[in-house]
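In case you want the letters, here they are:
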4 protein chains.
Amino acid sequence: MTSPPSERATLLVSCPDRRGIVAALAQVLYGHGANIFDSDQHTDPVAAQFFQRLHFDLSELQTDRGTLERAISEVAERFGMRSELRYQNRVRRVAIFVSKYDHCLYDLLLRQRSGELSCELPLIVSNHPDLEPVARQFSVRFELVPVSKENKVEAEARQQALLSEQGVELLVLARYMQILSADFVSGFAGKIINIHHSFLPAFSGGKPYHQAYERGVKLIGATAHYASAVLDEGPIIEQDVVRSSHRDSIADLVRKGRDLEKVVLARAVRLHLEDRVLVYGNKTVVFD
Amino acid sequence: MTSPPSERATLLVSCPDRRGIVAALAQVLYGHGANIFDSDQHTDPVAAQFFQRLHFDLSELQTDRGTLERAISEVAERFGMRSELRYQNRVRRVAIFVSKYDHCLYDLLLRQRSGELSCELPLIVSNHPDLEPVARQFSVRFELVPVSKENKVEAEARQQALLSEQGVELLVLARYMQILSADFVSGFAGKIINIHHSFLPAFSGGKPYHQAYERGVKLIGATAHYASAVLDEGPIIEQDVVRSSHRDSIADLVRKGRDLEKVVLARAVRLHLEDRVLVYGNKTVVFD
Amino acid sequence: MTSPPSERATLLVSCPDRRGIVAALAQVLYGHGANIFDSDQHTDPVAAQFFQRLHFDLSELQTDRGTLERAISEVAERFGMRSELRYQNRVRRVAIFVSKYDHCLYDLLLRQRSGELSCELPLIVSNHPDLEPVARQFSVRFELVPVSKENKVEAEARQQALLSEQGVELLVLARYMQILSADFVSGFAGKIINIHHSFLPAFSGGKPYHQAYERGVKLIGATAHYASAVLDEGPIIEQDVVRSSHRDSIADLVRKGRDLEKVVLARAVRLHLEDRVLVYGNKTVVFD
Amino acid sequence: MTSPPSERATLLVSCPDRRGIVAALAQVLYGHGANIFDSDQHTDPVAAQFFQRLHFDLSELQTDRGTLERAISEVAERFGMRSELRYQNRVRRVAIFVSKYDHCLYDLLLRQRSGELSCELPLIVSNHPDLEPVARQFSVRFELVPVSKENKVEAEARQQALLSEQGVELLVLARYMQILSADFVSGFAGKIINIHHSFLPAFSGGKPYHQAYERGVKLIGATAHYASAVLDEGPIIEQDVVRSSHRDSIADLVRKGRDLEKVVLARAVRLHLEDRVLVYGNKTVVFD
């Protein structure tokens, strides 16, 4: 993989399972001079669905990118594929929604700055002013959009305008404490990643650490998932847990949970940005 | 800890929190010549409850065991304690209930035989004849007690008679696929350990691996808990998880889950047999 | 994946990285009517090596197996590939070497009997008679081959004769406490899996739990690896760890370690039997 | 635990094992009106050493702190104890040494600011100027002390002067890439915590991720330990691991390792600051 990142691309495809798909895709890439670095493929025998991720090098492409794109589209059409081609030098623009907790926000900002998350971060939106100094530290635009029962429609319109104006392609809810409307979510389907501070489906809804404390569980978890119209029920991208015990107060669970939330959310965002996640039904295929 | 196990004992106490408890217990043991090897203590500030486990040596006891017991009872009464004193040479008698799955049964039998579980295993009860050969391999009495909607009352009476006749002090449900009645459970409260093949409270009830598959979780779990009148809601003793992915069919989840179930159940049984678990409300204190 | 297992096959290939490999393999399978279920591929950019595992269905093969094999061989030759094709109905014959510890032996026997390990188990060899009853319980031939400094050469000759006579294709060292000679190992290269009871390369050599205890580590591990001429230095297939603390005596480490050893060894054997492991240099590619 | 933190204290003791220690300590605290919240005790039967941590409330102390301290000293003398009493309102002053990596530094600064680490952070010392802006963001004094083979003695003298001037009681090496002299370390024995980016004792010394990559391990680790005269051989406080695979380049290991390093170092620092760690020989007792 000695070619520069600007010469690499990723193709994500899914379609009803049929024979010949792997060969057709390999052939079209090879035929145009694209060299496959990594290929991962999965067939779900129950859903009869085919999924593949191809990561390849374009530095010795024998045609131009437009020609390659058209050839891929032809294969996609033949097999009834959804396909998504992304050139690695075209990084996504990401917005972060927060409220008052700063741990996930700091974590994402630091990872982006260190190059661990391949994206631009042009926008932070919050319903509270508290984290504006953090945004300023990292020179990211901060927009305060207060949300109340009364102004919810206007607030979401303002948020959507900001996302649209900034050309945002991924929205990360980094412990954003407001529920987005079904309309907002469906207008951005598959492009909103939320972190929930429990091992879903356990302890969905509010105050999961309190629920975990009451139930006396011996592990606490965190779940990163795509937002869907129904709260906490979207497709799960990543989960992890950490051990807890009778010694842990709710404050201890909150503290332990913060580390989990940061890591689980960052992993999910990274998987998405590297085009490793495919959604089908209410589930995900994660090629990691 | 060079004294023989026969000269050791464990004291488990719980009571409303008050000052002076630790000193009083330490004093009564020291005063009688018992030497504390290990002591673990916990105060739940929310429930205002005190818990302690003391493991001590009796080899240089200056009085007899009866005198020590009376002295402990006096302290217990003074502080309104529930207390339980167990001499290590008095191992518990354990029964196992199974249906058709053999993995947890084999696991418990092998651990008991290797000395890892300090108990006697005089009885295996099943509603199916399939696992009788396993019982025979390990020379454990096997009783077939078929259970149906019609004979449930008689079946439980038969089971209770067997437990009573064998002096059973702990009942392990090793993937026993029948629901015990509330009466049966309350008659054996805090002495029935069940293994549920999910990370409770997620996926309680039937077919948890199917539920996990449908939801697309990225970890599957197992939970060992004391049985209570309400199914899958008893106090949790131990839990663990293992990673799963889109590649796992339900059969894969079942296979991965078997390893979890064995280990989680065995840990819980071991913790109970070593008097490391205290129940309060619907939660446990586990001194591990 | 509704075709019967008898109609499936796995192809494992590795070769110097070149463009067109993926397309050529996909094409040859597709061209003969083999339908790819699962394909996983990896390119090591440092070693400039290409690796791929293809799992496919033969139920609609348009030619016969011999023709397909010849076509694959031609591709393999063209790209300088090592390739291995295995029909799923041709399960491997596996021998287990043990000494006195029974936990890994029982574990493998139970997993094989439950169908979790797709193999035949025709032979158990030990340098001690202790585990013969276990072999008998599972109706597996048990051969006692005592080993001493004096008879080592004859003993290994006897072992090799047994393996050869039984057509053994995989040898599992399930806590076998003798060191095999370099000759023995090289005669069975890549076909001997050993379990070492530490997180290699930490605590190689003898008494790893004692070493771990002395060093005061907070985790203990187990490592399954292919045997190589140099003790404990062969390619690692699988590793895992479990938490330990100052409370753990050496006996506790041994007990905790047993669970690790069983699981790690079983996973490695399973990965090998499902043709998911490729060795290169002193490392492995594991397509799991 | 409704008393304010200012009214709490922790007592850590260790001594040769003898009978009556637990009773004597409980008695002295009770007798002065100190109420024990939490007590954890351990006896190492091999080393014949006794260890205890007592966390207690002083809000109803019947004497003054000086009297209590003298009473504890008398018990300590009687049993040949090392003892350390710390009032919770007297937080430690901590210095951080760094080089160029910022992830552990940011992590510690954020945790301290959020109240997760109970300490003051008056000083950051580095041999490079790169991280000065981070120090400034958090308003912590930054001192550049370049280190070379030639000026090592002077540089360490300058570092010691800074630590002394600032009254530093704990020094955290947060990926500080210089080796401290044996003199420096012994002058600060048990008060320097280092993070090593491997699962020690595997991959001690330089470039552990490169070593891990070469060896092809399936897990990578991190170890927080007290610095000792011999590099990477001091008493281990905390370790953890994360799964790796053939897909991970060295850059991937570095990235995954960063998350481990942060969490493992922060846990160790927290355990130390809460007086949960006792060193004996080259090992630790960690009351967590």
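Conventions we followed
- Residues numbered from 1 in each chain as written.
- Chains lettered and ligands numbered in written order.
- Predicted model: local features only at pLDDT ≥ 70, side-chain atom pairs only at ≥ 80, totals over all residues.
- Heavy atoms only, no water.
- Helix = DSSP H or I, 4+ residues; strand = E, 2+ residues; numbered from the N terminus.
- Rg over C-alpha atoms; globule rule 2.2 N^0.38 Å.
- Buried < 20%, exposed > 50% of the residue type's maximum accessible area, 1.4 Å probe, protein only.
- Contact = heavy atoms within 4.5 Å.
- Areas by Shrake-Rupley, 256 points an atom, 1.4 Å probe, with all protein chains shown as cover.
- Lys, Arg positive; Asp, Glu negative; His and termini not counted.
- Charge placed at Lys NZ, Arg CZ, Asp CG, Glu CD.
- Buried area = accessible area lost by both parts, 1.4 Å probe.
- Salt bridge = Lys/Arg side-chain N within 4 Å of Asp/Glu carboxyl O.
- Polar contact = N/O pair within 3.5 Å; in protein donor to acceptor, adjacent residues only side chain to side chain.
- Nonpolar A, V, L, I, M, F, W, Y, C, P; charged D, E, K, R; others polar.
- Phe/Tyr/Trp six-rings, centres within 6.5 Å; stacked < 30°, edge-to-face > 60°.
- Lys NZ or Arg CZ within 6 Å of the ring centre and 35° of its normal.
- Least-squares fit on C-alpha atoms with pLDDT ≥ 70 in both.
- Axes fitted to C-alpha atoms, helices over the stretch in contact; angles between N-to-C directions.
- Parallel < 35°, antiparallel > 145°, perpendicular 65-115°, else oblique.
- Pairing = 2+ DSSP bridges.

> Honestly, the overall build of chain A in this entry has me stumped. Any pointers?
Counting its secondary structure elements, chain A contains eight helices and 13 strands. A globule of 288 residues ought to have a C-alpha radius of gyration of about 19 Å, and chain A, at 21 Å, matches this closely. If one aligns the C-alpha atoms of chain A with their principal axes, the spans along those axes are about 60 × 40 × 40 Å. Here chain A, with 288 residues, has 59% of them falling under the buried criterion. When contacts within chain A are restricted to residue pairs at least 6 apart in sequence, long-range pairs at least 24 apart make up 66% of them. When the accessible surface of chain A is totalled, it reaches about 11,200 Å², and 51% of it is carbon and sulfur. Counting 35 positive and 37 negative side-chain charges, chain A places the averaged centre of each group 4 Å from the other.

> I would appreciate a short explanation of the interface of chain B and chain A in the present structure.
Put simply, an interface is often sized by how much accessible area is lost when its parts join up. At the junction of the two partners, chain B supplies 36 residues and chain A supplies 36 residues. In total, about 3,000 Å² of surface goes out of reach between chain B and chain A, with carbon and sulfur atoms giving 52% of it. The largest share of the area that chain B buries against chain A comes from B:Arg215, B:Lys218 and B:His246, three residues that together contribute 24% of it. Here chain B is connected to chain A by six salt bridges. Close ionic contact of A:Asp240 with B:Arg243 constitutes a salt bridge, the shortest N to O distance being 3.8 Å. Taken together, the links from chain B to chain A amount to 24 residue pairs in polar contact (both at pLDDT 80 or more). With seven residues, strand E11 (residues 236-243) of chain B is the single largest residue contributor to the side of chain B that touches chain A. Split by residue class, the side of chain B that touches chain A holds 15 nonpolar, eight polar and 13 charged.

> Just checking my understanding: could you explain the packing of aromatic side chains for this structure?
Both the distance between ring centres and the angle between the ring planes are used here to describe each pair of aromatic rings. A full pass over the atoms with the stated rule returns 18 aromatic pairs over all chains. Seen in terms of ring centroids, A:Phe97 and A:Tyr176 are 5.2 Å apart; in terms of plane orientation they differ by 65°. Their pairing is edge-to-face. Here A:Phe97, found in strand E5 (residues 92-98), pairs with A:Tyr176, found in the loop between strand E8 (170-173) and helix H6 (182-186); they are 79 residues apart in sequence, far enough to count as distant. Side by side, A:Phe97 and A:Tyr176 carry an identical accessibility label, which is buried. Measuring from centroid to centroid gives 4.6 Å for D:Phe51 and D:Tyr280, while their planes differ by 50°, and the two rings are tilted. Of this pair, D:Phe51 sits in strand E3 (residues 49-57) while D:Tyr280 sits in strand E12 (residues 277-280), and the two are 229 residues apart along the sequence. Each member of the pair D:Phe51 and D:Tyr280 is classed as buried. One aromatic cluster in this structure is built from A:Phe97, A:Tyr176 and A:Phe184. A cation over an aromatic ring shows up here: A:Arg65 above the ring of A:Tyr87, its NZ or CZ 4.4 Å from the ring centre. Its end group placed over the ring of A:Tyr213, B:Lys283 keeps NZ or CZ at 3.6 Å from the ring centre.

> What is the right way to look at the relation of the copies chain C and chain A in this model?
Its rotation angle being 180°, the transformation that places chain C on chain A also includes 0.0 Å of axial translation and leaves an RMSD of 0.0 Å. A rotation of that kind, with that shift, is consistent with a two-fold axis. Measuring from the rotation axis to each C-alpha of chain C, the shortest distance belongs to C:Asp40, at 2.5 Å. The share of interface residues of chain C whose copies in chain A are also at the interface is 100%, consistent with both copies meeting through the same surface.

> What am I meant to see in the packing of helix H1 (residues 21-31) of chain C against helix H2 (residues 65-79) of chain C here?
Geometry of a packed helix pair, given as the angle between the helix axes and the separation of the axes. Residue and element names in this part refer to chain C. The contact between H1 and H2 brings their axes to 10 Å, and the two run at 170°. In terms of axis orientation, H1 runs roughly antiparallel to H2. Where H1 approaches H2, its residues Ile21, Ala24, Leu25, Val28 and Leu29 are matched on the opposing element by Leu68, Ala71, Ile72, Val75, Arg78 and Phe79.

> Would you mind going over the sheet that holds E5(A) with me for this structure?
All names here are of chain A. In spatial order, the strands read E7-E6-E5-E8-E9-E10-E11; together these seven strands make up an open sheet with mixed pairing. Edge strands, defined here as strands with exactly one partner in the open sheet, are strand E7 (141-144) and strand E11 (236-243). Each neighbouring strand pair of the sheet contributes to a mean axis angle of 20°, computed without reference to strand direction. The pairing of E5 with E8 spans four bridges and is classified as parallel. Bridged to Ala95 within E8 is Leu171.

> It is not clear to me how the pairing of E8(A) should be interpreted in this structure. Could you clarify?
Regular strands place side chains that alternate from one sheet face to the opposite one. Residue and element names in this part refer to chain A. Residues Leu170 and Val172 of E8 are buried on one face, and the alternating residues Leu171 and Leu173, pointing to the opposite face, are buried as well. Where E8 and strand E9 (residues 192-196) come together, three bridges link them in parallel fashion. Residue Leu171 lies in a different strand from E9, and its bridge partner there is Ile192.

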